[in-house]
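The lines below spell out each chain.
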Amino acid sequence: MAGNSFGQLFRLTTFGESHGKALGGVIDGCPAGLELDLDFIQQELDRRKPGQSAIVTQRKEPDTVEFYSGLFEGKTTGTPIGFAIHNTNQKSHDYSHIKDSYRPSHADYVYDQKYGFRDYRGGGRSSARETASRVVAGAIAKQFLKDVKISAFVSQVGELKLEKPYQELDFSNIESNAVRCPDTEMAQKMEDYIKAIKKEGDTIGGVVTCVIQNVPIGLGEPVFDKLHARMGEAMLSINAVKGFEYGSGFAGVVMKGSQHNDAYNTDGTTQTNRSGGVQGGISNGMDIYFNVAFKPVATVLQSYETINKEGEKVTAQGKGRHDPCVVPRAVPIVEAMAALVLADFSLLARTNKI
């Protein structure tokens, strides 16, 4: 299987399956001498881990990360950083009913066709549990970026949409509720809705918005490695993501050029920021902001029709522990992938000029 690495200079390779002994990764290219706050890394993992509230999967995993290389006396050595997160609460029998059949909108069928074999326990390598390794690497990338502030939050669940512009939101409220929505009134509505969906044995999708502040000018490598192109690649690599838009996004198509252009101030900043902090594929110093759309979780705890390995129609029933809505736990994953992109481009930027 190819495609397990992300990044050019600051590079992450992940390994492991949902119901294997452990997941983990190797970070290559992290500069030496970076003092790491290991407690911060664990806190980031805790934001992603299952079982943290009533509106997420109830799989109980401590998600404790163990580092095996690349660190000495609290600092990075410049050598590969190896780490692992051990699985402790697998219930593989929950998936025995799909051993010979395929769940709709899952990777089951295409994995079988591509490799002639699949790990049906929790989706194996295609499980969103793989993203735990990304959060570890992203937490290290955040510490490398220092002054850059990355804030992601849930802005939509189903038809419940936060209409306020991000400038009017208090990001300190994001972690104050289970949904991770900075508007507490909307957060309660979203939580109640997710609980209702869960009682039906169904799932719902949503949107995570990310705002990145204090980004230096000059990150991004045209032509094929534009900043927004790599950011889009990073977000679309996350499980269940169906869409990515930055800046004015799709709403910009109804505007005229004279309305959409961001006029300059004398100091090089812009009066508006419909560009989303990126022009010509390069960061311009303004806030980078984007939306990431997540589909409803494919596993529904209801009866459904599907096919088995012989191509016969069969009826199956969803079982196990699953998120009724993935977006609350996706918030730290979005932040982590954004940090990996910016850390990589920050290193590449050092080669731009003398």
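Residues numbered from 1 in each chain as written. Predicted model: local features only at pLDDT ≥ 70, side-chain atom pairs only at ≥ 80, totals over all residues. Heavy atoms only, no water.

Time to look at the overall build of the protein. Counting its regular elements, the protein contains seven helices and 16 strands. Against the globule reference of 20 Å for 354 residues, the protein gives a C-alpha radius of gyration of 21 Å, in line with a compact fold. Principal axes of the C-alpha set define a box for the protein whose edges measure 65 × 50 × 40 Å. A burial count over the protein gives 50% of its 354 residues as buried. A separation threshold of at least 6 residues defines the contact pool for the protein, and within that pool the share at least 24 residues apart is 71%. About 16,800 Å² of surface is accessible on the protein, with carbon and sulfur atoms providing 52% of the total. (Helix = DSSP H or I, 4+ residues; strand = E, 2+ residues; numbered from the N terminus. Rg over C-alpha atoms; globule rule 2.2 N^0.38 Å. Buried < 20%, exposed > 50% of the residue type's maximum accessible area, 1.4 Å probe, protein only. Contact = heavy atoms within 4.5 Å. Areas by Shrake-Rupley, 256 points an atom, 1.4 Å probe, with all protein chains shown as cover.)

Here the focus is the layout of surface pockets. If a probe the size of a water molecule is rolled over the atoms, the empty space left behind becomes visible. Of the pockets and cavities examined, the second largest pocket occupies roughly 750 Å³. Lys161, Thr209, Glu245, Tyr289 and Asn291 are, among the 30 residues lining the second largest pocket, the residues nearest its centre. Those elements that provide at least two residues to the lining of the second largest pocket are strand 8 (149-157), strand 10 (206-213), strand 11 (241-246) and strand 14 (288-294). (1 Å grid on protein atoms, 1.4 Å probe; cavity = no way out; pocket = protein on both sides within 12 Å on 5 of 7 lines; lining within 4 Å. Points joined across faces, edges and corners; volume = space filled by probe spheres on them.)

Nonpolar side chains in soluble globular proteins generally cluster together in the buried interior. Grouped together as the largest cluster of nonpolar side chains are 81 residues, with contacts concentrated most on Ile212, Met231, Met235, Phe290, Phe294 and Val334. Considering each element in turn, this core owes the most residues, 16 residues, to helix 7 (residues 327-349). (Core = buried A, V, L, I, M, F, W, Y, C linked by side-chain atoms within 4.5 Å.)

For the rest of this paragraph, the subject is the sheet that holds strand 14. Spatially, 9-8-10-14-11 is the arrangement adopted by the five strands of the open sheet, whose pairing is antiparallel. Sheet topology places strand 9 (160-161) and strand 11 at the edges, where each strand pairs with a single neighbour. Pairing between strand 11 and strand 14: five bridges, direction antiparallel. If you follow Phe244 over to strand 14, its bridge partner there is Val292. (Pairing = 2+ DSSP bridges.)

Pro222 connects to Val223 through a cis peptide bond whose omega is 20°. Assignment of secondary structure puts Val223 in the loop between strand 10 and helix 5 (227-236). With a phi close to 65°, Ser105 is a non-glycine residue in the positive phi region. Residue position: Ser105 is located in the loop between strand 7 (81-86) and helix 2 (108-115). Owing to a relative accessible area of 59%, Ser105 belongs among the exposed residues under this scheme. You will see that Asn214, though not glycine, has its phi angle at about 65°, which is positive. Mapped onto the fold, Asn214 is located in the loop between strand 10 and helix 5.

Here we come to the pairing of strand 2 (residues 11-16). What you see with strand 2 is a clean split: Leu12, Thr14 and Gly16 sit on the buried side and Arg11, Thr13 and Phe15 on the side with no burial. Note that strand 1 (residues 5-6) and strand 2 share two bridges and pair antiparallel. Within strand 2, the residue paired with Ser5 across the bridge is Thr13. Where strand 1 folds back onto strand 2 in an antiparallel hairpin, the turn is made up of four residues, including Gly7, whose phi is positive at roughly 105°. The pairing of strand 2 with strand 3 (residues 22-28) spans six bridges and is antiparallel. Among the inter-strand pairings, Thr14 is bridged to a residue of strand 3, identified as Gly25.

Bringing helix 7 into the picture now. Its 23 residues place the ends of helix 7 32 Å apart at the C-alpha level, agreeing with the 33 Å of an ideal helix rising 1.5 Å per residue. Counting buried positions along helix 7 yields 22 of 23 residues, so the element is predominantly enclosed. (Expected span 1.5 Å × (residues − 1).)

A few words now on the side chain of Gln143. As for its placement among the helices and strands, Gln143 is situated in helix 3 (residues 131-145). Gln143 sits in the buried class, given a relative accessible area of 15%. Not counting residues within four places of it along the chain, the set of residues in contact with Gln143 comprises Leu34, Glu35, Leu36, Asp37, Phe40 and Ile41.

Looking now at a nonpolar patch on the surface. Taken together, Tyr109, Val110 and Ile307 make up a surface patch of nonpolar side chains, about 250 Å² in accessible area. Along the chain, the position of Tyr109 falls in helix 2. (Patch = residues over 30% accessible without salt bridge, like charges linked within 9 Å, V, L, I, M, F, W, Y side chains within 5 Å. Salt bridge = Lys/Arg side-chain N within 4 Å of Asp/Glu carboxyl O.)

A complete count under the given rule lists eight aromatic pairs for this structure. Centroid distance Phe153 to Phe171: 5.6 Å. Interplanar angle 35°. Geometry classified as tilted. Taken together, the residues Phe153 in strand 8 and Phe171 in the loop between strand 9 and helix 4 (184-199) connect sequence positions 18 residues apart. Here Phe153 matches Phe171 in class, with each residue buried. Three or more aromatic residues link up through ring pairs in this structure, and these residues are Phe244, Tyr246 and Phe290. Sitting over the face of the ring of Phe6, Arg230 holds its NZ or CZ atom 5.6 Å from the ring centroid. Positioned above the aromatic ring of Phe345 is the side chain of Arg230, whose terminal nitrogen or guanidinium carbon lies 4.9 Å from the ring centre. (Phe/Tyr/Trp six-rings, centres within 6.5 Å; stacked < 30°, edge-to-face > 60°. Lys NZ or Arg CZ within 6 Å of the ring centre and 35° of its normal.)

This part covers the environment of His106. Mapped onto the elements, His106 comes out in the loop between strand 7 and helix 2. Judged by its relative accessible area of 27%, His106 falls in the partly exposed class. Contact partners of His106, with chain neighbours within four places excluded, come to Ala298 and Thr299.

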